[in-house]
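# Secondary and tertiary structure notes
Chain by chain, the residues run as shown.
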Amino acid sequence: MRAWTALLSAIALEVTGTLSLKVFTSAGTPGLELAVTYALLAASYVLLSRAFRQIPVAVAFAVWEAAGLILITGLGALILGEHLRPAQLCAMLALGVGAALLHRGTRPTNPTRPGVGNAAQVSA
């Protein structure tokens, strides 16, 4: 559960860092946008690396990227007034479905852990 918390926090930091570029750039504060963005993205990568310890890399990275892109695109439309076309909405849906399928396909078929009293291991 800690790994998923780290992953979700990494996503939140990535989205905030990316959106801060647009917000601070339009506010006319040179340098501040880069400092905030770099700090948030660095923290995001640290948390992503922690998620990699327990979540397969393919799943963690796919979820991080897909959720980040979906949130950035959606928040760009909500907060920044950017227009979303139907093709973009379809792409967002495809990203979510792709990440979910990758997660589902990476799960082990036999959830028992080695050495925890699996009947097949005990009799062997």
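Residues numbered from 1 in each chain as written. Predicted model: local features only at pLDDT ≥ 70, side-chain atom pairs only at ≥ 80, totals over all residues. Heavy atoms only, no water.

### Description of the UniProt feature "transmembrane region" (unreviewed entry) in the chain
Convention followed: UniProt positions are given in the numbering used here, feature names are shortened, and annotations may be inferred rather than shown by experiment. Here a strand is any run of E in DSSP of at least two residues, a helix any run of H or I of at least four, and the numbering for each starts at the N terminus.
Here, UniProt's "transmembrane region" (unreviewed entry) annotation points to residues 30-48, 55-80 and 86-103. For residues 86-103, the helix share is 100%, the strand share is 0%, and the end-to-end C-alpha distance is 26 Å.

### Considering the side chain of serine 44
Heads up, the rule is: We call two residues contacting when some pair of their heavy atoms lies within 4.5 Å.
Note on placement: serine 44 falls in helix H2 (residues 32-51). Contacts of serine 44, omitting those with residues within four sequence positions, involve Ala10, Leu13, Glu14 and Trp64.

### Re the nonpolar core
Across soluble globular proteins, you tend to see nonpolar side chains buried next to one another. Threshold: Only buried Ala, Val, Leu, Ile, Met, Phe, Trp, Tyr and Cys residues count toward a nonpolar core, and they belong to the same one when joined by side-chain atoms within 4.5 Å. Each residue gets one of three labels from its accessible area relative to the maximum for its type: buried under 20%, exposed over 50%, partly exposed in between, using a 1.4 Å probe on protein chains only.
Of all hydrophobic cores here, the largest spans 18 residues; its most connected members are Leu7, Ile11, Ile55, Val63 and Trp64. Taken together, the elements giving at least two residues each to this core come down to helix H1 (2-27), H2 and helix H3 (57-80). For this core, the leading source of residues is H1, giving seven residues. In this structure, isoleucine 11 is in contact with Val63, Trp64, Ala67, Gly68 and Leu71, ignoring residues within four places of it in sequence.

### Notes on the packing of aromatic side chains
Rule in force here: Within 6.5 Å between ring centres, the rings of Phe, Tyr and Trp (the latter by its six-membered ring) count as paired, and their orientation is classed by plane angle as stacked under 30 degrees, edge-to-face over 60, tilted in between.
On inspection of all chains with the given rule, the structure shows two aromatic pairs. On the numbers, 5.6 Å between centres and 40° between planes, the contact of phenylalanine 61 with tryptophan 64 is tilted. Here tryptophan 64 and phenylalanine 61 lie together in helix H3, a separation of three residues that amounts to about one turn. On the accessibility criterion, phenylalanine 61 (38% relative accessible area) is partly exposed. Counting every residue linked through ring pairs, the aromatic cluster contains Tyr45, Phe61 and Trp64.

### A few points about a nonpolar patch on the surface
Spelled out, the test is: Like charges are joined within 9 Å and nonpolar side chains (Val, Leu, Ile, Met, Phe, Trp, Tyr) within 5 Å, but only among residues with over 30% relative accessible area and no salt bridge; these make up the patches. Computed with a 1.4 Å probe, the accessible areas rest on the Shrake-Rupley method; for each residue, only the protein chains presented here act as cover. Note on definitions: salt bridges are taken to be side-chain nitrogens of Lys or Arg within 4 Å of carboxyl oxygens of Asp or Glu.
Together, Leu21, Leu34 and Tyr38 line one region of the surface with nonpolar side chains, adding up to about 300 Å² of accessible area. The topology assignment puts tyrosine 38 in helix H2.

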